[in-house]
Amino acid sequence: MQRWIIATALTSVLSGLTAPALAADPGPDPGPAPETASAPVTAIALGEVRIDPRVPGRVRVNVGYLCGVAGESRSLTVSVEQRDPEDSSSVAFGSSRTAEADVICDGAQQTRQLIVQSKTVNWIPGADAVLIATVANLGATPPASSDAQRVLLTVS
């Protein structure tokens, strides 16, 4: 019991000595609290889509995107899929990915034209196709922004 009283008294004395000493010297002023940075804004929109008249296996897709400045790299991907209206077993599809170094994210609106090559058959003029464009940033929240549309492919 005697040890418990001595330990309690000693702890109280030491607490009393260190607490006022810390309170007397707050240290350097940290300045105003830093503002919380908002997550970089990312948006993407599909534009005009045309079949290349010289190479019917290629589609030119205009994409507009906006992404805020961030330390992480981004990627831009466009995918196109088209079913033959006369033959349901025939599907043209392809995708194109832009190199990370070519995706400019400086907070300003950007426009790119990507060429998507069909991996199977040529694109069919006058038939519907599904387009999906995505800007991905693995370090951001949300990790990606995308736009999808059903369009009628035409020859330019």
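Just so we're clear, the structure is a prediction, and the values are computed from it rather than from any experiment.

1. Side note on the sheet that holds strand β3 (residues 75-84)
Reading across the sheet, the 4 strands line up as β4-β3-β6-β7 and stay open at both edges, with antiparallel pairing between neighbours. Sheet topology places β4 (87-98) and β7 (144-152) at the edges, where each strand pairs with a single neighbour. The average undirected angle you get between the axes of adjacent strands in this sheet is 15 degrees.

2. A few points about the environment of Gly 47
In this fold, Gly 47 is placed in strand β1 (residues 42-51). A relative accessible area of 35% places Gly 47 in the partly exposed class. For the pair Gly 47 and Gln 149, spaced 102 residues apart in the sequence, the C-alpha separation amounts to 9.9 Å.

3. Observations regarding the pairing of β1
As a general feature of sheets, a regular strand has side chains that alternate between the two faces. The pairing of β1 with strand β2 (residues 58-67) spans 8 bridges and is antiparallel. For Leu 46, the partnering residue across the bridge sits in β2 and is Val 63.

4. Structural notes on the confidence of the model for the protein
Looking at the protein, the pLDDT average stands at 79 and 72% of residues meet or exceed 70. Summarising per-element confidence for the protein, the mean pLDDT is lowest in helix α1 (residues 2-24) (44) and highest in strand β5 (residues 110-117) (96). Contacts of residues 3-27 to residues separated by more than four positions or lying in other chains number 1 contact, the stretch itself having pLDDT below 50. Low pLDDT, under 50, characterises residues 30-37; the stretch is placed with 0 contacts to residues that sit more than four places away or in other chains.

5. Some words on the sheet that holds strand β8 (residues 154-155)
Remark on secondary structure: sheet strands pair via backbone hydrogen bonds, oriented parallel or antiparallel. Taking strand neighbours across the sheet as the criterion, the 4 strands line up as β5-β2-β1-β8 in an open arrangement whose pairing is mixed. Taken across any chain shown, the strands that pair with only one partner, and hence form the sheet edges, are β5 and β8. As defined by bridge partners, β2 adjoins β5 across 8 bridges and the pair is classed as antiparallel. Counted as the bridge partner of Tyr 65 is Gln 110 from β5.

6. Some remarks on the side chain of Ser 118
Relative to the helices and strands, Ser 118 is located in the loop between β5 and β6 (128-136). With near-sequence residues (within four places) excluded, Ser 118 lies in contact with Gly 57, Ala 92, Phe 93 and Trp 123.

Reading the values: the criteria
Residues numbered from 1 in each chain as written. Predicted model: local features only at pLDDT ≥ 70, side-chain atom pairs only at ≥ 80, totals over all residues. Heavy atoms only, no water. Pairing = 2+ DSSP bridges. Helix = DSSP H or I, 4+ residues; strand = E, 2+ residues; numbered from the N terminus. Axes fitted to C-alpha atoms, helices over the stretch in contact; angles between N-to-C directions. Buried < 20%, exposed > 50% of the residue type's maximum accessible area, 1.4 Å probe, protein only. pLDDT = per-residue confidence, 0-100. Contact = heavy atoms within 4.5 Å.

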